[in-house]
Every structure is written in structure tokens, then in C-alpha cells.
Amino acid sequence: MTTRAFLQHRLPPISVIIAGLVLATMIVLVIFAPLIAPMDPRDVSSYSLIDMEIPPSFMDGGDPRFLLGTDNQGRDLVSVILFGLRISIIIGIGAVLLAAIIGVTLGLIAGYFGGIIDTILMRVGDVLVSFPTILVALLISGVARAQLSGATVSEWAPVILICAIALNEWVQYARTVRASTMVENARDYVRAAKVIGLPSRRIMLRHILPNVMSSVMVIATINLAGAILTEATLSFLGAGMPATYPSLGTLIRIGNQFLFSGLWWIAVMPAAVLVVLVLAVNVIGDYMRDRFNPKLMAH
């Protein structure tokens, strides 16, 4: 194999490298948002009605202090987007992690023990996936809002959204891990572990789980984009993050009210960031899916 062929085979495509750099940049920005952002949008005292509805600095009437302009409350859009991006990424990662933990655990149990346990868990999963994710999330969010007071809902909104999104997404992990566990369960090393009397929990966690994690990582990466979009959709519909703790979906909902009045940047800027984020995650997820596909790896 020539050096060029080796590099083409080993190195990811340029689109994946760019997507990785974009995603890494966004993560760094959200981590250091309190230090980078010109203002703290959570601090109401920093709002300035004098500076409201200023267009981006590259347009006529723009202000060099506000690169992407300001919203209807006088908040700097760069600051608002950075904090909104932070919330969207945290909720997306949290939902994926919770769904993966639930799905991997139930998938291991179903695939290892089989029988009635397997049947019950898989039928419960079949019922859940028969409902759209957004519908289940809306139902859970609505019930939580009805049972909790307004202040409590605002405080626990990220946790509610994470649980609402994860409840419907764990099934895909469970099915994949179950199938892989059934394959591993029939291998000689698992049978030998059972013969020497190792406890089931140790066999599942130390012997089977490491061999199914590659599939879990691929699913998690692909589902991250879906979780972020689901959160944005819920927030856009008013069932997600409150305006006091805005995510990208909340910012788009607020800006949508001014879209046809000439203040297009209030909605377009957060929407553009959301599109770039989801696109970067999808590109990386597609690459990982192809990279770890056994059929493609054989070639």
C-alpha cells in the first residue's frame, strides 16, 4: 500500500475533520461562555433598553459593541447564543447519556437472561417506540409543569427535558445491546466464565459490555443531534426551557415573533448556530457509523 493510499484509508475525510473542529470549537466556547460572553444574559440588571433591536455590526445602523446585534430586550446576541448553545448541548448530552445507561442496562439483562425478562422488556420498548419522541416528551413535560409550581419548573426544566427525551430513546440502545449480548452469550469465553462460577453481573460488566460498547458509541453520537433538535423543538413550542434560561430553541421562538418586522437577526442567528451544530454532529455520527460497520471494515 502506497503512502497516499494508506493516508486515504486511515485519515477521515476532510468534511469529518472540519465537523470535528467546528464541534470542538463550540464545546470550548460553551465551557468558557461566562468568560467569553460580553454580558451575562441571566443578569437582568445588564439589560439595556437603549440598545434594543440593534442590527449586526456589519449592517447599516450596527454597533461595533454588538457583533450579531441585540434582541428586543437589549441583550447582546453573541452572549445569548453562547449561553443558549451551552444549555442545548448540556441537555442533548445529558439525554443521550441517560438513554444509553438505561438502554445498555436493560439490553444486557434482556440478552443475557432471555426468557420472560427479555419478552417483557422488549414489549415495553415496542410500546414506547410506537409513539413519536416529540409526543412523549410533550406529555412528560406537560405533566411535570402541571404538578410543579412555576419557579420549580424553571429550576428543574433541564432535568425534565433530559428525562423526557431519554425515556423514548433508550429502546434503540437496548435492542442493539440485546442483539450483541445474545451473540456474545453464545461464545466460548462466556460459557467458560459461567462454568467456573463467575456471577452474572461480573460476566455482563467485565466480559460482555466492553465488546458491545462500539455500537453504543455510534448510536450515541448519531442520537445526540436528534436529542438537541428535540430539545429545540420543545423549547420552540414553549414546552422546553423558559425564557429566563434560554436555549437555542427558546431564542428562535422569541425571534420568530419579530421575523417579519425586519428584525430577522434575532431568529436567524440562533437558527444558524443550531443548524451548524446539528450538521457537525451528524457528519461525525455518519463517519463513526461507517467506520465501525463490520461489513465495511472487512473491505
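All values derive from a computational prediction rather than experimental measurement.

## Section: the overall build of the chain
Secondary structure summary: the chain contains 12 helices and 0 strands in total. Each helix and strand of the chain, ordered N terminal to C terminal, gives the series α-α-α-α-α-α-α-α-α-α-α-α. On the principal axes, the C-alpha backbone points of the chain span a range of 75 × 60 × 30 Å. When each of the 299 residues of the chain is scored for burial, the buried share is 42%.

## Brief notes about the side chain of Asp63
When you line up the elements, Asp63 lands in the loop between α3 (33-36) and α4 (77-113). A distance of 2.9 Å separates a polar side-chain atom of Asp63 from the backbone nitrogen of Arg65. Excluding residues within four positions of it along the chain, Asp63 makes contact with Ile54, Pro55 and Ser57.

## Digging into unusual backbone geometry
Positive phi is not limited to glycine here, since Glu53 has a value of about 60 degrees. Of note, Glu53 is situated in the loop between α3 and α4.

## Some thoughts on the confidence of the model for the chain
Per-residue pLDDT for the chain averages 83, and the proportion of residues at 70 or more is 93%. At the low end of the mean pLDDT range in the chain sits helix α1 (residues 3-10), at 47; at the high end sits α4, at 91. Across residues 1-8 the pLDDT falls below 50, and counting only partners more than four positions away or on other chains, this stretch makes 1 contact in the model.

## Quick look at the packing of aromatic side chains
Following the criterion strictly, the structure yields 2 aromatic pairs and no others. When the centroid spacing of 5.0 Å and the interplanar angle of 85 degrees are considered together, the rings of Tyr112 and Phe113 count as edge-to-face. Ring geometry for Trp264 versus Trp265: centroids 6.0 Å apart, planes at 80 degrees, classification edge-to-face. Among the residues examined, Trp265 registers a relative accessible area of 4% and is labelled buried.

## Regarding the pattern of salt bridges
Enumeration according to the criterion identifies 8 salt bridges in this entry. Between Asp126 and Arg123 there is a salt bridge whose closest N-O contact spans 2.9 Å. Of this pair, Asp126 and Arg123 both sit in helix α5 (residues 115-129), 3 residues apart, which is roughly one turn of the helix. Look at Arg123 and you get partly exposed, because its relative accessible area is 44%. Each of the salt bridges in this network shares a partner with another, and the network as a whole consists of Asp51, Asp63 and Arg65.

## Let's talk about the environment of Ser215
Mapped onto the secondary structure, Ser215 falls in helix α9 (residues 200-236). Residue Ser215 is classed as partly exposed on the basis of its relative accessible area of 30%. Once the C-alpha coordinates of Ser215 and Ser180 are considered, the two residues, 35 residues apart in sequence, prove to be 8.9 Å apart.

## What about the side chain of Thr70?
Residue placement: Thr70 occurs in the loop between α3 and α4. When its relative accessible area of 0% is taken as the criterion, Thr70 is described as buried. Those residues within four positions of Thr70 in sequence are excluded, and the remaining contacts are Asp51, Met52, Glu53, Ile54, Arg75, Asp76, Leu77, Trp265 and Ile266.

## Considerations on α9
Over its 37 residues, α9 runs only 45 Å from end to end, short of the ideal 54 Å by more than 12%, given 1.5 Å per residue. Of all the bends found along α9, the most pronounced is centred on Leu209 and spans about 55 degrees, while Pro210, a proline, follows it within four residues. At the C-terminal side of α9, Gly238 shows a positive phi close to 90 degrees.

## Quick notes on a nonpolar patch on the surface
A cluster of nonpolar side chains, namely Ile27, Val28, Ile31, Phe32, Leu35 and Ile36, defines an oily patch on the protein surface of about 560 Å² accessible area. Element by element, the count of residues in the nonpolar patch is highest for helix α2 (residues 14-31), at 3 residues. Structurally, Ile31 is set in helix α2.

## What to know about the packing of α9 against helix α11 (residues 265-291)
For the pair α9 and α11, the least separation of the axes is 8 Å and the interaxial angle reads 160 degrees. Accordingly, the angle class assigned to the pair α9 and α11 is roughly antiparallel. Along this stretch, α9 crosses α11, giving a crossing that reads as left-handed. Contacts between α9 and α11 involve Met217, Val218, Thr221, Ile222, Leu224, Ala225, Ile228, Leu229 and Ala232 from the first element and Leu274, Leu277, Val278, Val281, Asn282, Ile284, Gly285, Met288 and Arg289 from the second. Counted by class, the contact of α9 with α11 contains 14 nonpolar, 3 polar and 1 charged residues.

## A word on the nonpolar core
Leu85, Tyr173 and Leu277 are the most contacted members of the largest nonpolar core, which totals 69 residues. When residues no more than four places from it in sequence are discounted, the contact partners of Tyr173 are Val96, Ala99, Ala100, Gly103, Val104, Val216, Ile219, Ala220 and Asn223.

Thresholds applied
Positions within a chain are numbered from 1, following the residues in the order the chain's sequence is written. With the structure being a predicted model, the display of local features is reserved for residues of pLDDT at least 70 and the display and counting of side-chain atom pairs for 80 or more, all residues being used for whole-chain, interface and lining totals. Heavy atoms throughout the structure, all of them, feed into the side-chain values; hydrogens and water do not. Put simply, DSSP H or I for four residues or longer makes a helix, DSSP E for two residues or longer makes a strand, and each gets a number counted from the N terminus. Note on classification: 1.4 Å probe, protein chains only; a residue is buried when its accessible area is under 20% of the maximum for its type, exposed when over 50%, partly exposed between these limits. Definition of a polar contact: a pair of N or O atoms within 3.5 Å, with one able to donate and the other able to accept a hydrogen when the atoms are protein atoms, and with sequence-neighbouring residues admitted only if both atoms are side-chain atoms. In this analysis, two residues are considered to be in contact whenever any of their non-hydrogen atoms come within 4.5 Å of each other. pLDDT is defined as a per-residue confidence score from the predictor, taking values between 0 and 100. Geometry of aromatic contacts follows a simple scheme: Phe, Tyr and Trp rings, the Trp one being its six-membered ring, pair when their centres are within 6.5 Å, and the pair is stacked under 30 degrees between planes, edge-to-face over 60, tilted otherwise. Here a salt bridge means any side-chain nitrogen of Lys or Arg lying within 4 Å of a carboxyl oxygen belonging to Asp or Glu. Given the number of residues in a helix, its expected span is that number minus one, multiplied by 1.5 Å. At any given residue, the bend is defined as the angle formed between two axes, one fitted to the seven residues that end at that position and one fitted to the seven that begin there. Patch definition: residues above 30% relative accessible area lacking any salt bridge, with like charges linked at up to 9 Å and the nonpolar side chains Val, Leu, Ile, Met, Phe, Trp and Tyr linked at up to 5 Å. Per-residue and other accessible areas follow the Shrake-Rupley method at a 1.4 Å probe size, with only the shown protein chains counted as cover for residues. A fitted line through C-alpha atoms represents every axis, and for helices the fit uses only the stretch in contact; the resulting angles, taken between N-to-C directions, go from 0 to 180 degrees. Each angle receives one of four descriptions, namely roughly parallel if under 35 degrees, roughly antiparallel if over 145, roughly perpendicular if within 65 to 115, and oblique otherwise. Crossing handedness is read from the near helix: turned anticlockwise from the far helix by less than a right angle, it gives a left-handed crossing, and turned clockwise, a right-handed one. Each residue is assigned to one of three groups, with Ala, Val, Leu, Ile, Met, Phe, Trp, Tyr, Cys and Pro labelled nonpolar, Asp, Glu, Lys and Arg labelled charged, and all others, Gly among them, labelled polar. Side-chain atoms within 4.5 Å link the members of a nonpolar core, which is a set of buried Ala, Val, Leu, Ile, Met, Phe, Trp, Tyr and Cys residues.

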